[in-house]
Amino acid sequence: MVSVNVGGVTVWPGWLSPEDQAAMVGEIREVVAAAPLVTPETPRGRKMSVKMTAAGHFGWISDRRGYRYAPQHPSGVAWPPIPASVLAVWRAVAGVDRDPQCCLVNWYAEGARMGLHQDRDEADFAMPVVSISLGDDALFRVGGTERGGKTQSIWLKSGDVAVLGGAARLAYHGIDRVRPGSSTLLARGGRINLTLRVVD
Ligand code: MD6
Ligand code: FE
């Protein structure tokens, strides 16, 4: 398999076969059944356009009190375990000897996006963040470690895996837009992004 380097981010196009993608979606539906998707609010009171939930020891949540990793879903239930198929992707591409403690699930309906941000709520930036894309294509933008620098973009497709590690671990990145109807994986359309992290 051949990877592509985009601004220091390693992208593995088509890492998951269509069959593996469908099986993973089934496992994510179980996660969502146990820990329902929520629309996070930013600390400034704006609703995010993606819906989120998580699996693992920690979930990442955002509300008026701020951003943080939390051991429970806002409803008080424990986060369900990270599905085995998702763990297997981490073990194949992360290149570190620890397993992820959080699998953040981001759900994009038509029109949802994610502004440029850094992932910096984790304790050890030597641990990469691994991302899995499922469903509709998404335009992923990557910059440097300072806000306002040059950026590069790549369309992430269903089954692609991206690794933010090394110098790119703290790169600014975001999703400008999702292309509706570009994948048949999800019956009702949309995009699921999974990000795996070691938290503490
Ligand atoms: C997304 N991804 O693909 C948003 N974060 O929907 C992220 O925010 C992200 O792809 C850290 C590492 C990889 C990512
Ligand atoms: Fe991120």
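One can find the structure itself at the top, above this paragraph.
Residue positions are counted from 1 within each chain, in the order its sequence is given. To read the labels, note that chains go from A and ligands from 1, taken in the order they are written. Whole-chain, interface and lining totals are the exception, using all residues; otherwise, since this is a predicted model, local features are given only for residues with pLDDT of at least 70 and side-chain atom pairs are given and counted only at 80 or more. The side-chain quantities take in all heavy atoms of the structure and omit both hydrogens and water.

Undergrad: Lay out the overall build of the protein chain with the relevant residues and their values.
TA: Secondary structure elements are taken from DSSP: a helix is a run of H or I of four residues or more, a strand is a run of E of two residues or more, and numbering for both begins at the N terminus. When its secondary structure is counted, the protein chain shows two helices and 13 strands. The globule rule used here is 2.2 Å times the number of residues to the 0.38 power, and the radius of gyration it is set against is calculated over C-alpha atoms. Its C-alpha atoms give the protein chain a radius of gyration of 15 Å, near enough to 16 Å, the size a compact globule of 200 residues would have. Taking the principal axes of the C-alpha coordinates as reference, the protein chain spans close to 40 × 40 × 35 Å. Partly exposed residues are those whose accessible area sits between 20% and 50% of the maximum for their type, while under 20% is buried and over 50% is exposed, using a 1.4 Å probe and protein chains only. Looking at the 200 residues of the protein chain, the share that counts as buried comes to 48%. Any two residues having at least one pair of non-hydrogen atoms within 4.5 Å are treated as being in contact. Look at the contacts in the protein chain between residues 6 or more apart in sequence, and 71% of them connect residues 24 or more apart. If you sum the accessible surface of the protein chain, you get close to 9,700 Å²; carbon and sulfur atoms cover 52% of it. Each accessible area is a Shrake-Rupley estimate made with a 1.4 Å probe; only the visible protein chains count as cover when residues are assessed.

Undergrad: I'd like a description of the packing of helix 1 (residues 18–34) against helix 2 (residues 84–93), backed by residues and values.
TA: For the pair helix 1 and helix 2, the least separation of the axes is 8 Å and the interaxial angle reads 120 degrees. In terms of their interaxial angle, helix 1 and helix 2 are classed as oblique. The segment helix 1 lies against helix 2, with M24, E27 and I28 engaging A84, S85, V86 and V89. Any residue outside Ala, Val, Leu, Ile, Met, Phe, Trp, Tyr, Cys, Pro, Asp, Glu, Lys and Arg is labelled polar, Gly included; the first ten of those are nonpolar and the last four are charged. When grouped by side-chain class, the residues that make up the contact of helix 1 with helix 2 number five nonpolar, one polar and one charged. To define axes, lines are fitted to C-alpha atoms, for helices over the stretch in contact only, and angles between the resulting N-to-C directions are given on a 0 to 180 degree scale. Roughly parallel refers to an angle under 35 degrees, roughly antiparallel to one over 145, roughly perpendicular to one between 65 and 115, and oblique to any angle outside these ranges.

Undergrad: Go over the side chain of H73 with me, naming the residues and quoting the values.
TA: You can see H73 is positioned in the loop between strand 5 (66–70) and helix 2. Those residues in contact with H73 that lie beyond four places of it in its chain are A35, P36, V38, T53 and W79.

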